[in-house]
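The primary structure of each chain is shown beneath.
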Amino acid sequence: FMGWYFYTKNEQKPLRNLLYFGPKRIDKTGDTTFHTVKPFLFTNQYNEKVTEETVKGKIYVTDFFFTTCQSICPVMSSELERVYKEFANNPDILILSHTVSPEEDSVNVLMAYAKLHGVKDKRWLFLTGDKKHLYDMARTGYLLNNESGNGDEDDFIHTQNFALVDKDRHLRGFYDGTDSAEVSRLMIDIKLLQQEYAYNEKHK
């Protein structure tokens, strides 16, 4: 990775731009607009409200889990710990982990789970809220689940995928959160996205 790093440092332009995911629309002026994560309202482990304003101007990774999951979630959470540590000094990069079991995963339960994973700040938020809203965000906000459902008591989402969201709430990547090589790719993509913003800022 050293050569890659120095090459881009000198050139300033990212080696590749990340794709945009989700349905595209052409607006009235003929410009292409990309899928944007819609507004949301959840509560984090500190019992604070979290909305789209919380992530304004930030790059973030999102996933869906539940604290009592014994299969894929522990692996996903330990992989997200790697991401959390990698960007420890960067307040512009966040992680949003949403519970799919809001009945069990109260604010206190999420706080205990956050501590278990060494989270001491607000760069990794564990979110709970209305089940219908959580499930709708997974499906139509982050496009992480294409099964139909309406968030009722029989509905359940179990996805191992992470989504990468840029500062404009566009989806820029999907990764298997149980695969460490995929999560390493996610970390490289976050850095590419940072370079993309830095380059665009310089060449306005």
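Looking at helix α2 (residues 73-86)
Every α-helix winds through 3.6 residues per turn, so residues three or four apart in the chain are directed the same way.
In step 1: Its 14 residues place the ends of α2 20 Å apart at the C-alpha level, agreeing with the 20 Å of an ideal helix rising 1.5 Å per residue.
In step 2: Among the residues of α2, C73, M76, S77, E79, L80, E81, V83 and Y84 are the ones counted as buried.
In step 3: Tucked inside the fold, the buried residues of α2 contact β5 (59-65), β6 (93-99), α3 (107-116), β7 (124-127), β8 (161-165) and α5 (180-202).

So, the packing of aromatic side chains
In step 1: By the definition in use, this model includes 10 aromatic pairs.
In step 2: Taken together, a centroid distance of 5.7 Å and an interplanar angle of 50 degrees make the contact between Y84 and W124 tilted. Residue Y84 is found in helix α2, and its partner W124 is found in strand β7; the two are separated by 40 residues along the sequence. Grouping residues by exposure puts Y84 and W124 together as buried.
In step 3: Ring-pair connections join several aromatic residues into one group, and the members of that group are F65, Y84, Y113, W124 and F126.
In step 4: In this structure, K122 is placed above the aromatic ring of Y46, and the distance from its NZ or CZ to the ring centre is 5.7 Å.

Comments concerning the sheet that holds strand β9 (residues 171-176)
The strands making up a sheet are joined through hydrogen bonds of the backbone, oriented either antiparallel or parallel.
In step 1: Strand order in the open sheet formed by 5 strands is β7-β6-β5-β8-β9, with mixed pairing between adjacent strands. At either end of the open sheet lies a strand with only one pairing partner, and these are β7 and β9. Each strand axis lies, on average, 20 degrees off the axis of its neighbour in the sheet, ignoring direction.
In step 2: In this sheet, β8 lies alongside β5 in antiparallel orientation, the contact comprising 3 bridges. Bridge pairing links Y60 to V165 in β8.
In step 3: Those strands touched by α2 are β5, β6, β7 and β8, and its axis lies near 165 degrees from that of β5.
In step 4: Against the sheet, helix α4 (residues 131-141) makes contact with β5, β6, β7 and β9, and its axis sits at roughly 120 degrees relative to β5, the strand it touches most.

About the cut-offs
- Residues numbered from 1 in each chain as written.
- Predicted model: local features only at pLDDT ≥ 70, side-chain atom pairs only at ≥ 80, totals over all residues.
- Heavy atoms only, no water.
- Helix = DSSP H or I, 4+ residues; strand = E, 2+ residues; numbered from the N terminus.
- Expected span 1.5 Å × (residues − 1).
- Buried < 20%, exposed > 50% of the residue type's maximum accessible area, 1.4 Å probe, protein only.
- Contact = heavy atoms within 4.5 Å.
- Phe/Tyr/Trp six-rings, centres within 6.5 Å; stacked < 30°, edge-to-face > 60°.
- Lys NZ or Arg CZ within 6 Å of the ring centre and 35° of its normal.
- Pairing = 2+ DSSP bridges.
- Axes fitted to C-alpha atoms, helices over the stretch in contact; angles between N-to-C directions.

These figures capture arrangement, not role.
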